[in-house]
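# Observations on chain architecture
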Amino acid sequence: MSQLPRGPQGRLLTTYQFLTRPIELLSRCAATYGDVFNVPMYNGDVVMAGSPASVQDVMTAPPDALVPYATKSIAPLVGEHSLVMLSGERHRRERKLLTPPFHGDRMRAYAAAMADVAARRFAEAARAPRAVAQDITQAISLDVILRAVFGVEEPSRMSAFARAIVAMTDALTPALTFLPVLQRELGGLGPYARFRRRVEHLDALCREQIERARAAPGDDILSLLVAARYDDGSSMSDQAIFDELRTLLFAGHETTALALAWALDHAHRHPTVLARLRDELDALGPEPDPERLAALPYLDAVCKEALRLHPIVTEAPRMAAQPFRLGEHTLPPGTGVAPCILLVHHRPELYPEPSRFRPERFLERKYSPFEYLPFGGGNRRCIGAAFAMFEMKIVLGVALSAWEFRLLDERPPRPVRRNLTLGPAGGVPLALRARGRAALRTAA
Ligand code: HEM
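Report on the accompanying structure. (Residues numbered from 1 in each chain as written. Predicted model: local features only at pLDDT ≥ 70, side-chain atom pairs only at ≥ 80, totals over all residues.)

## Considerations on unusual backbone geometry
- Positive phi values are uncommon outside glycine, yet E353 reaches one of about 50 degrees.
- Tracing the chain through its elements places E353 in the loop between α17 (341–345) and α18 (361–364).
- Among the residues examined, E353 registers 9 C-beta atoms within 10 Å and is labelled exposed.
- A positive phi angle, close to 70 degrees, is found at V428, a residue other than glycine.
- The topology assignment puts V428 in the loop between β11 (422–424) and β12 (429–434).
- According to the C-beta neighbour criterion, V428 is buried, with 29 such atoms within 10 Å. (Helix = DSSP H or I, 4+ residues; strand = E, 2+ residues; numbered from the N terminus. Buried ≥ 20, exposed ≤ 12 C-beta atoms within 10 Å, placed from the backbone.)

So, in structure tokens, the structure goes:
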């Protein structure tokens, strides 16, 4: 018999709490109801899977058992042709097309560009007495994703795109994302109309770029989409290309930028971590080779621990397409089911002292994909996971090799919702000072 697990009552209240205080809501529910519980939301019920066993049930389900969640409210935001909206064969085919540029040699080809962009952006930020880590890292991740997706290098075009993407992302408030009732044009006045105008502006820029890619294809992702052919020989429509481009730009820049801002904050609140990290980095010399940075084990552990303690995306929802077995429950079709990244990452039997920032845990043991999942998992696992980790290590490595940072807020930042993501409140204000060569403890 179909049945939902226990959970709190009151859809409006839980939706409000999920928008404003998601960590408190999820932690309180786990303490009261256990590993698997139902959260009644405005859009319908969402069953949270907070243990490795329940995460495994979801991530290893046959591809047709689960489909994308809340497509009605997400479609107007990302577009109907976006990868996150697709399921079944079309999803599999589109992933096959989009994944390779973010892996292996194609990904490693961006190493030098990532390091150059980071060096330039931190040097610019150092001219002011006060900077905000999230602003710097966002500028870096935007430059990087624009190069990867469009092959854009001209500064004026880069900044036109960057402004359009930031404007679109800023217009996408949490309420607009989670409450479809607000997705109305209201005579061109409301927040949704403003968001749509910004999407159209970005699409207009993309349209010009599509024409350029058709005339002179490069090795960027847009050129790949323009040249792609489905089995029947047809090509992707311009609308489908717009939707995929927006998805990649949106999913690929803010997430990485927030993760880097957290990592900088954590590293500077833990002197022993910072000292060990600097020892590892300084052994590579003052201008480390980017690919060698990406291979450093402690730097890798610092990035992983930042993503564990403060996952940027707190859950990875899907929807049951048919009755879905989750532990002792059989969820009715239409129920949301979400591996809860946040809860799994804070389980004390997996991560002793879970609230402590301790990168060493990733050197001491290996975690399964159901125990550590900052990038989700299964057939919808983030296609940018390897790229994001590579970028994080290079940017953090370049930053800490060349600069001393001083945090300007004594208190650690609170995680706050941006839209689908959580980031540090205030963006981590800091001051930068160049590291003297004398301060380097290079291995002689
Ligand atoms: C630290 C950075 C990032 C984090 C924490 C992150 C996290 C996630 C998570 C949790 C999911 C959902 C996975 C699931 O449902 O199981 C996801 C999906 C996705 N991510 Fe990322 N992501 C990051 C960077 C990127 C980058 C750089 C790209 C650039 C291409 C990207 C593109 C995508 C796409 C296209 C999907 C949808 C995959 C699908 O539905 O098949 N992400 N990401």
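## Examining the pairing of β12
- Sheet topology note: the strand β4 (residues 131–132)/β12 ladder contains 2 bridges and is antiparallel. For V132, the partnering residue across the bridge sits in β12 and is P429. (Pairing = 2+ DSSP bridges.)

## Section: the sheet that holds strand β3 (residues 66–68)
- Read from one edge to the other, the open sheet built from 5 strands follows the order β1-β2-β8-β5-β3, with strand pairing classed as mixed. The open sheet terminates on both sides in strands that have one partner only, identified here as β1 (36–41) and β3. Averaged over all pairs of adjacent strands, the angle between their axes in this sheet comes to 35 degrees, without regard to strand direction.
- In this sheet, strand β2 (residues 44–49) lies alongside β1 in antiparallel orientation, the contact comprising 6 bridges. Pairing of V36 across the sheet is with A49, part of β2. (Axes fitted to C-alpha atoms, helices over the stretch in contact; angles between N-to-C directions.)

## Considering the sheet that holds β4
- Spatially, the 3 strands line up as an open sheet ordered β4-β12-β9, and their pairing is antiparallel. At either margin of the open sheet sits one strand with a lone partner, and together these are β4 and β9 (403–407).
- Two elements, β9 and β12, share 5 bridges in a ladder whose sense is antiparallel. In the sheet register, W403 faces β12, and the bridge partner there is A434.

## Thoughts on helix α9 (residues 155–171)
- With 17 residues, α9 extends 24 Å between its outermost C-alpha atoms, agreeing within 8% with the 24 Å of an ideal straight helix rising 1.5 Å per residue.
- Of the residues making up α9, those classed as buried are F161, A164, I165, M168 and T169. Looking straight down α9, one finds that the buried residues subtend no more than 130 degrees of arc, so they occupy a single side. Across from the buried face of α9, at angles greater than 90 degrees, the exposed residues are P155 and S156.
- Residues of α9 that are buried in the fold lie against α8 (133–150), α11 (191–215) and α13 (238–269). (Expected span 1.5 Å × (residues − 1). Arc of directions from axis to C-beta. Contact = placed C-beta atoms within 7 Å.)

## Structural notes on the nonpolar core
- Among the nonpolar cores identified, the biggest contains 124 residues, and M48, A49, A118, V149, A263, V337 and V395 are the most heavily contacted of them.
- Per-element tally for this core: the top contributor is α13, with 16 residues.
- Non-local contacts of V337, meaning those with residues more than four positions away in its chain, are made with V47, A49, V58, L66, R318, A320, F324, L326 and L331. (Core = buried A, V, L, I, M, F, W, Y, C linked by C-beta atoms within 7 Å.)

## Here we look at the environment of A301
- Mapped onto the fold, A301 is located in helix α16 (residues 297–309).
- The spatial distance from the C-alpha of A301 to the C-alpha of A228 is 37 Å, given a sequence separation of 73 residues.

## Section: the site of the ligand
- Every one of the 26 residues lining the ligand counts as a neighbour, but G252, T255, G376, C382 and G384 are closest to it.
- Residue assignment for the shell around the ligand shows that the elements contributing at least two residues are α13 and α19 (385–402).
- Take the shell around the ligand: its biggest share by element is 7 residues, from α13. (Near = placed C-beta within 6 Å.)

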